[in-house]
Structures are given as structure tokens and as C-alpha cells.
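# Inside the fold
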Amino acid sequence: MAKPNKDTLLDWYRQMVLIRRFEERCAELYQEGLIGGFLHLYIGQEATGVGAVAALRPDDHVITAYRDHGIALARGMDVNRVMAEMLGKRTGVSGGKGGSMHLADRALNMWGGYGIVGGHLPLAAGIALKIQYMGEDSVVLALMGDGATNIGYFHEALNLSAVWKLPVVWLIENNQYGMGTAVERASGAKELVRRALAYSSEDGSGMKMGPRIDGMDVLAVYEAVSEAVEYARHNGPILLESLTYRLEGHSMGDPQRYRTKEEVEAYVKGGPIERFRNYLTETYTGIVKTLDRIDAEVLQTIDEAVAFARNSEDPTYEDLISHVYVD
Amino acid sequence: MADRPITYREALSAALREEMQRDERVFIMGEEVGVWGGTYAVTRGFLDEFGAKRVRDTPISEMVIVGAAVGAAMAGLRPVAELMTINFAFVAMDAIVNHMAKVRYMFNGQFTVPMVVRTTTGGGKQLGATHSHAPEVVFAHFPGYYVAVPGTAYDAKGMLKAAIRDDNPVLFVEHSTMLQRRSPVPDDPDFVLPIGKSDIKRQGRDVTIVTYQKGLEYSLIAAEELAKEGIEAEIIDLRWLRPLDLEPVFESFKKTNRCVVVEESLPMFNVGAEVAAQIQQECFDWMDAPVKRVAAMDIPLPYAREIEQMALPSPEKIIRAVKEVV
Ligand SMILES: Cc1ncc(C[n+]2csc(CCOP(=O)(O)OP(=O)(O)O)c2C)c(N)n1
Ligand SMILES: [Mg+2]
């Protein structure tokens, strides 16, 4: 694992702030009626997405669920085109046909966000099968919510990956709720990573049970996922759990009757960006100016992205009917 | 090369073998495809011939059989995933309908999904209610993939090869009671039939019968009986439910002015409903009688042979239906 240098850390900081500001702007655009449908914000989970994706090589692969903006941006997808997708424009990453939940960029091995809970987990296994079949040495990072561990897809995909020794890092983003249902109200195993035991044997074969990570600490996430990626590259599948928190509602217009304001406030204080900023200022003297500059640059990036999206064309009838089949 | 009479099962095996020999990226995955040799013995000997990398036994996990095939296809392989029978495809419905069918569209053409899901359909074998569906029509409701329903050995081979070579996903539905049917089939490894082309299996001037698979078999029997009474049926084998090729049906109807649709699926929202609707759109001025539909009864299928057969289409039922319209 490469120890991140200062430039790398600053880049992670930039990514985390970019995600946060992107999400805040999306919420505004949703209120204005410019974004429609479901909008699931990544606010609070930035350290998990940025730390995990940073552990990948360019030829590695990533796939996730519908709460996908953070992963898309962390993987380096074009901010303008991601924002254009939010606004349903033809310049969007999915031509305006996917929307917030379905961001993909084939060229970056970002295989998409998926709206059916757990539906992408078998796809991750399939992508890993191709890697193994072709004798390549890349890995697939498959992220999912805590809620996704309760659907049959999870069991089938993880079990198959263990039987076939597929190079997959299964990463549960445990943000403690699936919509309004707290983990312990939905799962027999409160420590979700223990699910790995169901697909592992006493002799150590099968799925490896990885650690439960402090998902609010980007460095901890990076370290744990880096180790997991190397493990998967050489040995087969591993399951990890990142303990994080969704600071906003499940999607826009969630009255959040399932948790208290106090609970949320406590997490806001320990939020991942604040924590990382504190770490940086404590570690590098005189870095505050740089961080402030990054903050300002990010705001400009977001403004430009919104302008780009607003000025983009709507999809056409041709777009509507294209790509149902390969012609 | 001369055409050789082989069985529907041999035709399927030959198609798979030839395509696997032709393209390294083609592989098979599913329950009992390897060590067992295939539930219907279509892949017998394949494990020895191609090895465990390309002939992959899976756990009983329909959702991931289809879903992993989708991922592998998106990534550049050409999986032939097998679902033991179409009854178990319901378990994989989401993987088929929401993923196999849609990842291309949803991501605006960034992904291609060159895969085949092979499965078997059909009732009439005393397997009881959960194992006797012919529900391919349910799967034909959705755009984004093709649905093949071959009714002869010749079609089985040419269509399966076409399905494997095509860059679109295909649900390839084989009929479990027709595996022993024989017909002449070309040996030529490049014998491939076009996708989405129906086929006139019998010429006639008095009535158009639109059908596929088991319905085709019964309709050919019925037509011979009807011919003895001077009624000549034209039989059109759809071969594909998607793309659905009704041009030959319209052409035939404009000559016969009468149509009977025969299928093994349930009677509501089925192929007959679609064909009847399209005929009245396209051929209203040529209609001399209502389009008649022969299908299974609107009940789950029972075990006992006597009553199971009662619920299914038969040559007699087809003859009766034809006589009602001519
Ligand atoms: C199969 C399926 N069932 C239900 C839903 C509706 N739904 C969307 S998100 C969600 C909660 C999922 O929670 P989790 O996996 O923890 O992800 P998070 O939203 O917390 O990121 C539900 C129930 C769905 N999209 N798919
Ligand atoms: Mg959750």
C-alpha cells in the first residue's frame, strides 16, 4: 500500500469537499424543480467513498448502488457531465436516460449505480469472473448499503464469489439505516461483516471476513480497503464494513421520523470532512490557506458544472428510442 | 454438405459446441451443466471437452446465474447461462427484466450485453402446478432482449447460433417435450438463421394458424386431419416472440381471411391477444371471422394425466377452432 503523501491527501480533501458541495447544490436544484425523481445524497459518507476508491488502480473496477454521486465523483467522472445527468440533459454521463441513480463511465471502469437494492451484486461477480477468466489481475470493488445485505442477491452473489474465488472486495456502507429501518431491526447480525462467516470454512477457504472500519476516517478507510484490494487480487473475495452515517434524509422529502435530531447532530460534529480537515491542519502547519483555496475552487467547479448542465440540450426523440438494442 | 436428420437436443448441443469452438469468450454456466451433463443432457461431454473454466456448474442461485452472466457480458465475455427450466426464471425475473434488459439503455449504450439465457418450457409431463408453465410470453413483454422459441431441430440449431453470435441478450426457450424430434440440419458451422423471422411451415388457402413449439406440432397434426376434409391450413411458426415478425401473418391473412392462434400459454394477455390485436389493426378490411385463440385453460396445471391433458391445447381443439372460423 502506497502511503499517501501530502498532495494525495489534499486531493482526497478536494474530492470530499467536491462531493459535499455537489450534493448540497443538488438539493437546491431539486427544490427548484430542476432535478426530478429520487435524489439520494451522499452527505456524511464522503470518507468512505473517497478512501475506498483511492485504494483502486485505474484498471480496477467499481460498482455501487443508487446512492452513487460520491463514488462517481471520487472515481474522477466529469463533474459537468454528472451534473448534466442530474438535470436530465443529453450531455449527461448517461445521456439523461439514467438520472441520479444510474451514473456510469465505462472508460473509468465505473460500472454504474443501480436502483434495485442488491441488483448490482451479481453483476460485480460477473465482472470479476471476466477478470479471472482472462487471467487479468484487477479487482472489483462492490459497494452496497447495509439494507442490501438482507436481499437474496447478497447471499447468492457472495456465496458464488466464495465458491469461484472471485477477486471482489465487497464493501458494506453501513450508514445505520435502510430508509427508516435501523440495522438491528432488519438484520440478525448486528455486525454486518459477520455475514462473511456464512461463506467461509474452518480451514480458511471461502470468503474472508475483513474489518469493521471507522467510515468517518478517510485514512482508515483507505488503509483497510487497500489491504482488502491486495488480498482480493491474490486470494479471492473479502467482505468489509464501513461504519458511517447518512446526515441527510434517505432521499429528498424524508421526514426522518425514525431518528432524533440529537442523534444526527452528534454525527454532524464528527463528520468526515471536519475530521479530515482537523487532521490536515494538525499535521501540516500553514495548510489552512491551501484548504481554503481548495474550498473556493470547488465552489467554482460546481458553479461551472451547473452552468454547463443548464446550458445543455435536452435529449431528443432519437435519444429516447436509441440503445434499447444494439443495432 | 448434406443436411443430416438429428434431434432437437443434438441440434442444441451442436450449436453450443460449434460456437464454443469458434469463440473462446463463449462459456456455459448453470445448475448441473457440467458434472451431471445438463439436466436435459444437452451439455453431456462438454466438461471433458472444454474444461471447468468454460463449463461452470453453479449453486442453485438463479438470481446470480443471470446477474453474473450480465456482468460478465458487460465486461466482454459471451456467457450462455442456463436456467434449468423456465419455472425457475421467475426467481431471476429482476435480473432478467431490470438488468439484462436495461443496462444498455439506462447507461445510454455504454454497455453491451452479449449473452444468452437458455431454458426449457412446457407442460404436459405430470409435473404439477409449479413445474408446468409455458410462460415465455410473460418474458416477451419487455424490450431490451430477444425471446427465441424454436420448434424444430433445424431452427433450434440455427437460432441458438444466431443468439450466441448476436450482441443483444437473448432468452432462448427450448421445449422440454420436443428434444427427441428429428429434422434435417446443416452441418455447416456457419449455418445461422436470422433473428426475428417467422417461418411458413405449411402452405394453405383457407385459414392461417399462427403458433410456435408445442402449438406447431399440434397444428401440423390438425392440418393433416383438416386436409382430409378439404380445409387447407397455412401454418406460420413465429420462432421468435421478440422481435415478433407478423408480416407473413398479415400476408397470409389477406389470402385466407381467417386466423387461429395456437399456444400452450395461459389464455389471458398472451400471444393470441397480441396477434389478434395486430391483425385487426392491419387487416381489418380482410376479416371474415373473429380471430380464434387456442391456449391452455386459465388454471394452474394439475398432476393427474387425465385432467392435465384436458387443460392443454390439442389437435382436436385446434380442429374445432378452425371449423368455427372457416
Ligand atoms: C429490491 C428493492 N426493494 C426495495 C427498494 C426500495 N428501497 C430503495 S433504497 C432502500 C433502502 C436501502 O438501504 P441501504 O441498502 O442501507 O442503502 P442506503 O439507502 O442506506 O444507502 C429501499 C428499501 C428497492 N429500490 N429495491
Ligand atoms: Mg443504509
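One can find the structure itself at the top, above this paragraph.
Small disclaimer: the values here were computed from a predicted structure and weren't measured. (Residues numbered from 1 in each chain as written. Chains lettered and ligands numbered in written order. Predicted model: local features only at pLDDT ≥ 70, side-chain atom pairs only at ≥ 80, totals over all residues. Heavy atoms only, no water.)

### Topic: the interface of chain B and chain A
The line we're drawing: The contact definition used throughout considers only heavy atoms, calling two residues in contact when any of these lie within 4.5 Å. By buried area we mean how much accessible surface two parts lose on assembly, using a 1.4 Å probe and totalling the loss over both. Each salt bridge in this description consists of a side-chain nitrogen of Lys or Arg and a carboxyl oxygen of Asp or Glu lying within 4 Å of one another. Here a strand is any run of E in DSSP of at least two residues, a helix any run of H or I of at least four, and the numbering for each starts at the N terminus. In the scheme used here, Gly and all other residues not listed as nonpolar or charged are polar, with Ala, Val, Leu, Ile, Met, Phe, Trp, Tyr, Cys and Pro taken as nonpolar and Asp, Glu, Lys and Arg as charged.
The interface of chain B with chain A comprises 44 residues on the first partner and 42 residues on the second. A combined buried area of about 3700 Å² lies between chain B and chain A, and 65% of that area is made up of carbon and sulfur atoms. On the chain B side of the contact with chain A, B:M63, B:Y105 and B:N108 bury the most area, a combined 18% of that side's loss. There are 0 salt bridges connecting chain B and chain A. At the level of elements, β2 (26–30), β3 (55–57), α3 (62–74), α4 (93–100) and α5 (103–106) of chain B are the ones that each hand at least two residues to the side of chain B that touches chain A. The leading source of residues in the side of chain B that touches chain A is α3(B), at 9 residues. A class-by-class count of the residues in the side of chain B that touches chain A yields 21 nonpolar, 12 polar and 11 charged.

### Some details on the pairing of strand β4 (residues 78–83) of chain B
All names here are of chain B. Put simply, the rule reads: Exposure categories follow from relative accessible area, calculated using a 1.4 Å probe and restricted to protein chains: below 20% of the type maximum is buried, above 50% is exposed, and the middle band is partly exposed. At least two DSSP bridges between two strands are required for those strands to pair.
Burial of β4 is extensive: 6 of the 6 residues sit out of reach of the surface. Side-chain alternation along β4 places R78, V80 and E82 on one buried face and P79, A81 and L83 on a second face that is also buried. Judged from the 4 bridges that link them, β4 and strand β5 (residues 116–121) form a sheet pairing that is parallel. Its bridge partner being in β5, L83 is matched across the sheet by T119.

### Section: the packing of aromatic side chains
The following threshold applies: Pairs were defined over the aromatic rings of Phe, Tyr and Trp, the Trp ring being its six-membered one, requiring ring centres within 6.5 Å. Orientation was assigned from the angle between planes: stacked under 30 degrees, edge-to-face over 60, tilted for the rest.
Taken as a whole, this structure holds 13 aromatic pairs over all chains when the rule is applied. Ring centres of A:Y133 and B:F27 lie 5.3 Å apart, and the angle between their planes is 45 degrees; this geometry places the pair in the tilted category. Of this pair, A:Y133 sits in helix α5 (residues 121–133) while B:F27 sits in strand β2, placing the two residues on different chains. We classify B:F27 as buried; its relative accessible area is 0%. Geometrically, the ring pair formed by A:Y325 and B:Y146 is stacked, given 4.8 Å between the ring centres and 15 degrees between the ring planes. One end of the pair, A:Y325, is in the segment after α12 (317–321); the other, B:Y146, is in strand β6 (residues 146–148), on a second chain. A relative accessible area of 11% means that B:Y146 is categorised as buried.

No statement about biological role is implied by the geometric values presented.
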